[in-house]
Number of protein chains: 2
Amino acid sequence: MKSGIGKFPRLAVVLVGDRRDSHTFIHIKLKACDQVGIETVASQLPENCDESELLDVVSGFNEDPDVHGILVQLPLPQHLDEEKIINVVSLEKDVDGFHPLNIGNLAIRGRKPFFVPCAPKGCIELLPRHGVEIKGKRAVIIGRSKIVGLPTSLLLQRHHATVSVLHAYMKNPEHITSEADIVVVDVGVPNIVCGNWIKKGAVVIDMGTNQVKDPSGHGFCVSGDVCFEEAVKVASAITPVPGGVGPVTISMLLSNTLDSVKRAFGMV
Amino acid sequence: MKSGIGKFPRLAVVLVGDRRDSHTFIHIKLKACDQVGIETVASQLPENCDESELLDVVSGFNEDPDVHGILVQLPLPQHLDEEKIINVVSLEKDVDGFHPLNIGNLAIRGRKPFFVPCAPKGCIELLPRHGVEIKGKRAVIIGRSKIVGLPTSLLLQRHHATVSVLHAYMKNPEHITSEADIVVVDVGVPNIVCGNWIKKGAVVIDMGTNQVKDPSGHGFCVSGDVCFEEAVKVASAITPVPGGVGPVTISMLLSNTLDSVKRAFGMV
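Since this is a predicted model, take the numbers as computed values, not measurements.

A. Highlighting the overall build of chain A. Along chain A, the regular secondary structure elements total ten helices and ten strands. Its C-alpha atoms give chain A principal-axis dimensions of about 50 × 45 × 35 Å. Long-range pairs, those at least 24 residues apart, make up 65% of the contacts in chain A between residues at least 6 apart in sequence. For chain A, the exposed area adds up to about 12000 Å²; of that, 53% sits on carbon and sulfur atoms. A distance of 8 Å separates the average location of the 27 positive side-chain charges in chain A from that of its 30 negative side-chain charges.

Given below as structure tokens:
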């Protein structure tokens, strides 16, 4: 790409505050970019920064023709209006796909969003690659976050699954889950989905990343939302945590950034 | 309102072509506006009009401060790019709620679209008025049109139902339907949903409007998507067709237009 258009793809990442998990995620993303030749520019703001400072940073990246993707690491500190910030990210650089116009165009069949959020896109990348057909299948999404649950439900519907979205107000979530061919979980509660929730032969995608005490008693480790040891006995395929959906999600960020620069230079 | 702000609410309706059903719908909408004191301005374009002509009409209404709501009657003739037309309607006047930014903001929890599409809004109006709780209930939406199925699924999720969206690729739709507390149907096939699809005591909302031969053998009548005679025996409540959701949908158009003028004059 550098030799073709004289430019490297460039991703701008914006990080506010000191959340350890956010720092870890940003570190992983920057490293992945570096490995594939995507340049990065990072802007780090203090926990107590003004909203106007953050808006200025995002606007600056919007206007910079050498920046092809902008990622604002979520969640933001409480005093900042996340909606306002996300709305400001240029649609054409919204590589996270969280802008409501991108979400709206993802929801409406026949429309094409500029970007599909990375975790759901990773889901859809994984399934056919492992021979899992989506069309006509019953899918259950447990959790309805705007980052994972919502866009995954919209994307699976686009691929003609029959999608049911479960949440905390649902009684007996195990019943409907046990009828699903594809189960996607993202609730942030370790091991909430047990083996007896899963239909024999179902495919399980665990999007959870929970920090839990290490079984050895020393320090912490990362656990998913699904009780892997139980579910692996009934599922035909299951993503582990860590090492399952996470790396695919990062790959989709790289893919979205590449798509963005290609679009900017009329290469798609 | 006339005495308060010196203006009547005004709705602009745009009709292209000669579809009989579209003419009927527009007639009903204009009459309803007249009955409640909403002024209307109608623009009718020929079936073979240019896209630019239609865009000019919509843009004119966008810029007219005396127009508070714009409704482009769908479907448009095939040669017109419906997406492009809907995208041009001013967000603040999009009383049909079909603009992708309004749909995106409807999908994302915690966000507030300017307008919610009229038929789904009517659904949510009907349910609590008849003592039907939505929160925690299982809802099945049969059909996933962008006008009814999609926004109804998003709106019911906002009200904390567990929503499953069914479509033509689903095998055995009667099974999952028979587990639902609330069944919303909009597929455009007369009597496709039989009584044995419905759980005893479920609530059935029939959004279908199909022209079918009159049983008397003379002329045509309007039928829903649900076999009313069968479903009424098992449902705890069911909307008839005609006379069920239709009038409520029209009321929601009036309500959206009123909301629009109130917002324009800072009255909300």
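B. Broad picture of the packing of aromatic side chains. In this structure the tally under the stated criterion is zero aromatic pairs over all chains. Here Arg263(A) stacks its cationic end above the ring of Phe115(A), 4.8 Å away from the centre of that ring.

C. Geometry of helix α2 (residues 20–36) of chain B. All names here are of chain B. The end-to-end C-alpha distance of α2 is 25 Å, a good match for the 24 Å that 17 residues give at a rise of 1.5 Å each. Within α2 the residues assigned to the buried category are Ser22, Ile26, Lys29, Ala32 and Cys33. The buried residues of α2 all sit within an arc of 125° when viewed along its axis, so they share a single face. Residues Arg20, His27, Asp34 and Gln35 are exposed on α2 and point more than 90 degrees away from its buried face. The secondary structure elements touched by the buried residues of α2 are β1 (10–16), β2 (39–45), β3 (69–72) and α10 (245–264). A positive backbone phi angle near 85° is found at Gly37, which sits one or two residues after α2.

D. Structural view of the pattern of salt bridges. All names here are of chain A. Under the defined criterion, the tally for this structure stands at 16 salt bridges over all chains. For the salt bridge of Lys199 with Asp181, the shortest nitrogen-to-oxygen distance reads 2.7 Å. You can see Lys199 sitting in the loop between β6 (182–185) and β7 (203–206) and its partner Asp181 sitting in the loop between α8 (173–177) and β6, a full 18 residues away along the chain. Given the relative accessible area of 29%, Lys199 is considered partly exposed. Classification of Asp181 as partly exposed rests on a relative accessible area of 22%.

E. The domain arrangement of chain A, seen in detail. Residues and elements named next belong to chain A. Domains assigned within chain A are domain 1 (2–94) and domain 2 (118–247). A C-alpha centroid distance of 28 Å is found between domain 1 and domain 2. Each partner contributes residues to the interface: domain 1 has four residues there, and domain 2 has four residues. Taken over both partners, the interface formed by domain 1 and domain 2 buries close to 210 Å², and the fraction arising from carbon and sulfur atoms is 52%. Counting the surface domain 1 buries against domain 2, the share from its top three residues, Arg20, Leu74 and Glu82, is 81%. Across the contact surface, domain 1 and domain 2 share one salt bridge. Here Lys146 makes a salt bridge to Glu82, at a shortest N to O gap of 3.3 Å. At the junction of domain 1 with domain 2, the criterion picks out one residue pair in polar contact (both at pLDDT 80 or more). Partitioned by chemical class, the residues of the side of domain 1 that touches domain 2 number two nonpolar, no polar and two charged.

F. Just the UniProt feature "domain: Tetrahydrofolate dehydrogenase/cyclohydrolase NAD(P)-binding" (unreviewed entry) in chain A, in detail. In this numbering, the UniProt entry assigns the feature "domain: Tetrahydrofolate dehydrogenase/cyclohydrolase NAD(P)-binding" (unreviewed entry) to residues 117–264 of chain A. Each end of residues 117–264 of chain A is marked by a C-alpha atom, and these two atoms are 19 Å apart; helix forms 34% of the span and strand 19%.

G. Molecular detail of the sheet that holds β2(B). Residues and elements named next belong to chain B. Taken in spatial order, the three strands make up an open sheet running β2-β1-β3, and their pairing is parallel. Unpaired on one side and paired on the other, β2 and β3 mark the two borders of the sheet. The mean angle between the axes of side-by-side strands here comes to 15°, regardless of whether they run parallel or antiparallel. Bridge analysis of β1 against β3 gives four bridges, and the strand direction is parallel. The residue of β3 that forms the bridge with Val14 is Val72.

H. A look at the environment of Leu54(B). All names here are of chain B. Relative to the elements of secondary structure, Leu54 occurs in helix α3 (residues 51–63). In the structure, Leu54 is positioned 39 residues away from Leu15 in sequence and 9.5 Å away in space, judged by C-alpha atoms. Once residues within four sequence positions are removed from consideration, Leu54 is found in contact with Val14, Val16, Leu45, Leu76, Leu80 and Ile85.

I. Representation of the sheet that holds strand β3 (residues 69–72) of chain A within the structure. All names here are of chain A. Overall, parallel pairing links the three strands, which are arranged β2-β1-β3 in an open sheet. In the strand order of this sheet, the two ends are held by β2 (39–45) and β3, each with one partner. Neighbour-to-neighbour, the strand axes of the sheet open up by a mean angle of 15°, direction not taken into account. On top of the sheet, helix α2 (residues 20–36) reaches β1 (10–16), β2 and β3; it is set at about 170° to β1, its chief contact.

J. Quick peek at the interface of chain A and chain B. Of the residues lining the interface, 36 residues belong to chain A; the matching set on chain B comes to 36 residues. Counting the surface lost from both chain A and chain B, the interface buries some 3200 Å², and carbon and sulfur atoms represent 54% of this. On the chain A side of the contact with chain B, Arg111(A), Arg144(A) and Tyr169(A) bury the most area, a combined 19% of that side's loss. Counting only elements with at least two residues in the side of chain A that touches chain B, the list comes to α4 (82–88), α5 (100–107), α7 (149–158), β5 (162–166) and α8 of chain A.

K. Summary view of the relation of the copies chain A and chain B. Note on the copies: chain A fits chain B at an RMSD of 0.0 Å, the axial shift is 0.0 Å, and the rotation between them is 180°. These values place the two chain copies in the arrangement generated by a two-fold rotation axis. Interface residue correspondence from chain A to chain B reaches 100%, placing this contact among same-surface, isologous pairings.

L. Looking closely at the pairing of strand β4 (residues 138–142) of chain A. Residues and elements named next belong to chain A. With five of five residues buried, β4 lies mostly within the body of the structure. Side chains Arg138, Val140 and Ile142 project from β4 onto one buried face, and the interleaved Ala139 and Ile141 project onto a second face that is buried too. Sheet topology note: the β4/β5 ladder contains five bridges and is parallel. Residue pairing across strands places Arg138 opposite Thr162, the latter belonging to β5.

Criteria and cut-off values
Residues numbered from 1 in each chain as written. Chains lettered and ligands numbered in written order. Predicted model: local features only at pLDDT ≥ 70, side-chain atom pairs only at ≥ 80, totals over all residues. Heavy atoms only, no water. Helix = DSSP H or I, 4+ residues; strand = E, 2+ residues; numbered from the N terminus. Contact = heavy atoms within 4.5 Å. Areas by Shrake-Rupley, 256 points an atom, 1.4 Å probe, with all protein chains shown as cover. Lys, Arg positive; Asp, Glu negative; His and termini not counted. Charge placed at Lys NZ, Arg CZ, Asp CG, Glu CD. Phe/Tyr/Trp six-rings, centres within 6.5 Å; stacked < 30°, edge-to-face > 60°. Lys NZ or Arg CZ within 6 Å of the ring centre and 35° of its normal. Expected span 1.5 Å × (residues − 1). Buried < 20%, exposed > 50% of the residue type's maximum accessible area, 1.4 Å probe, protein only. Arc of directions from axis to C-beta. Salt bridge = Lys/Arg side-chain N within 4 Å of Asp/Glu carboxyl O. Domains from an automatic or database assignment. Buried area = accessible area lost by both parts, 1.4 Å probe. Polar contact = N/O pair within 3.5 Å; in protein donor to acceptor, adjacent residues only side chain to side chain. Nonpolar A, V, L, I, M, F, W, Y, C, P; charged D, E, K, R; others polar. UniProt positions renumbered as here; feature names shortened; annotations may be inferred. Pairing = 2+ DSSP bridges. Axes fitted to C-alpha atoms, helices over the stretch in contact; angles between N-to-C directions. Least-squares fit on C-alpha atoms with pLDDT ≥ 70 in both.

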